[in-house]
Amino acid sequence: MAIISGIKDTLDAEVAKFDQAPLKQPVLLNSVPKGGTHLLRNIVRMFVPVEQHYDRDFVQVPNMHLHLAAFNPHEPKLAAAHLLFSDQSLANVRTARHVLLVRDPYDWVLARARFFVSDAFHQENLAHLKSGVFSPEALINMMIFGVHAKTPALVDVFTHNAAAWLGTGVYLVRYEDILNALKTIETPQAEAYFRALLEACGIALPEDWRARILVGSDRKLSRTARENLQLPDGMVLPATLPEQQKRLVDFQAPGLRALLGYA
């Protein structure tokens, strides 16, 4: 079982500085692990009263039975999850507004590799990945094809955490679209983007939406932002996926990028 560490979350104090309207329905921010979950969650948190933040844990299939309160329609909460598609998952989240976050698989394998070798990720049977024995390309290939009996392959993660949810009423969000809207936040297009995202969560766009989003998206407040992760000395991963590894992603999961709107 992996243990995740990192900087202390201090965003609740920022949320409390803004007037908040209570949620009327549970909201589930579901995502592919390493898909930009903290960015999306921190943005939406800025529009929800702190007392409605369900922050006990990220909801996943193994612990879902402990977190059914996150989906209680009589006490609406904002919850985050890496929730596999299953009959039980569908039954439990049926009362919630369901936002599904994905990331370009080409970038995802890099983000996953960076996280696995960082000081924030602790899993005993994968600790050797931080040793410096493996080349960056070998580490990336492990993120694509998985490590036998230790961590799943890209196609399995995206099949069960993303593709299988499509067509079931989820609101699909691409990580890269969030980044683009942040870069162009003063434009009408960005306003329309964030209005639609918040409407999917049952939240009306307030006049001070830009100020809230700029606080929520501040990378200094995100425990998993790239610059807040420390890699082992001398370990450098590429900024973009090498062409060979792009072909390997396409070999392992043909049609996936097109399905998610990336090709």
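Predicted model only: the values in this text are computed from it and were never measured.

The rules behind these values
Residues numbered from 1 in each chain as written. Predicted model: local features only at pLDDT ≥ 70, side-chain atom pairs only at ≥ 80, totals over all residues. Heavy atoms only, no water. Helix = DSSP H or I, 4+ residues; strand = E, 2+ residues; numbered from the N terminus. Rg over C-alpha atoms; globule rule 2.2 N^0.38 Å. Buried < 20%, exposed > 50% of the residue type's maximum accessible area, 1.4 Å probe, protein only. Contact = heavy atoms within 4.5 Å. Expected span 1.5 Å × (residues − 1). Arc of directions from axis to C-beta. Phe/Tyr/Trp six-rings, centres within 6.5 Å; stacked < 30°, edge-to-face > 60°. Pairing = 2+ DSSP bridges. Core = buried A, V, L, I, M, F, W, Y, C linked by side-chain atoms within 4.5 Å. Axes fitted to C-alpha atoms, helices over the stretch in contact; angles between N-to-C directions. Parallel < 35°, antiparallel > 145°, perpendicular 65-115°, else oblique. Left-handed = near helix turned anticlockwise from the far one by under 90°.

The next subject is the overall build of the chain. Looking only at helices and strands, the chain features 11 helices and seven strands. Here the C-alpha atoms of the chain give a radius of gyration of 18 Å, agreeing with the 18 Å that 2.2 N^0.38 yields for 263 residues. Here the chain holds 263 residues, and the buried ones make up 48% of them. Once local pairs closer than 6 in sequence are excluded, the contacts in the chain between residues at least 24 apart make up 78%.

What follows concerns helix α8 (residues 188-200). For α8, built from 13 residues, the straight-helix expectation of 18 Å at 1.5 Å per residue is met to within 8% by its first-to-last C-alpha distance of 18 Å. Every buried residue of α8 is listed here: Ala-190, Tyr-193, Phe-194, Leu-197, Leu-198 and Ala-200. End-on, the buried residues of α8 take up no more than an arc of 155°, which puts them together on one face. The inward-facing, buried residues of α8 contact α2 (37-45), β5 (97-102), β7 (171-174), α7 (175-183) and α9 (209-216). Positive phi appears at Gly-202, one or two residues downstream of α8, with a value of about 80°.

Counting across every chain of the model gives four aromatic pairs. Aromatic side chains Tyr-193 and Phe-194 sit 5.4 Å apart centroid to centroid with 80° between the ring planes, which places their arrangement in the edge-to-face category. Phe-194 shares its class with Tyr-193; the two are buried. Their ring planes at 45° and their centres at 6.0 Å tell us that Phe-194 and Trp-209 sit as a pair that is tilted. Taken together, the positions of Phe-194 in helix α8 and Trp-209 in helix α9 put the pair 15 residues apart, joining distant regions of the chain. There is no split in this pair, since Phe-194 and Trp-209 are both buried. Aromatic rings pair up to connect Tyr-193, Phe-194 and Trp-209 into one cluster.

Moving on, we come to the pairing of strand β4 (residues 78-81). Burial of β4 is two-sided: the residues Leu-78 and Ala-80 facing one way and the residues Ala-79 and Ala-81 facing the other way are all buried. Examined bridge by bridge, strand β2 (residues 27-31) and β4 share four bridges and lie parallel to one another. Within β4, the position partnered with Asn-30 by the bridge is Ala-81. Pairing analysis gives three bridges linking strand β3 (residues 53-59) to β4, with the strands arranged parallel. Among the inter-strand pairings, Val-59 is bridged to a residue of β4, identified as Ala-81.

Bringing the environment of Asp-177 into the picture now. Summarising the element assignment, Asp-177 is placed in helix α7. For the pair Asp-177 and Arg-103, spaced 74 residues apart in sequence, the C-alpha separation works out to 9.5 Å.

Let's shift gears to the nonpolar core. Ranked by size, the top nonpolar core spans 48 residues in total, and within it Leu-83, Val-109, Leu-129, Leu-154 and Phe-158 carry the most contacts. Elements with a minimum of two residues in this core: β3, β4, β5, α4 (105-116), α5 (136-145), α6 (154-161) and α10 (243-252). Broken down by element, the residue count for this core peaks at seven residues, all from α4. Once residues lying within four places of it in the same chain are set aside, the contact partners of Val-109 are Ile-140, Met-143, Ile-144, Leu-154, Leu-241 and Val-249. In this structure, Val-27, Leu-39, Val-173 and Leu-205 belong to the second largest nonpolar core, which totals 33 residues.

Relative orientation of the contacting elements α7 and α8 amounts to 135°, with a least axis distance of 8 Å. Between α7 and α8, the crossing angle belongs to the class labelled oblique. Note on packing geometry: the crossing formed by α7 with α8 is left-handed. Between α7, through Asp-177, Ile-178, Ala-181 and Leu-182, and α8, the contact on the second element is made entirely by Ala-190, Tyr-193 and Phe-194.

The subject of this paragraph is the environment of Phe-116. Looking at where Phe-116 falls in the secondary structure, it is placed in helix α4. Under the relative-accessibility criterion, Phe-116 is labelled buried at 8%. Ignoring any residue separated from it by four or fewer positions in sequence, one finds Phe-116 in contact with Phe-121, Leu-126, Leu-129, Lys-130, Met-143 and Thr-151.

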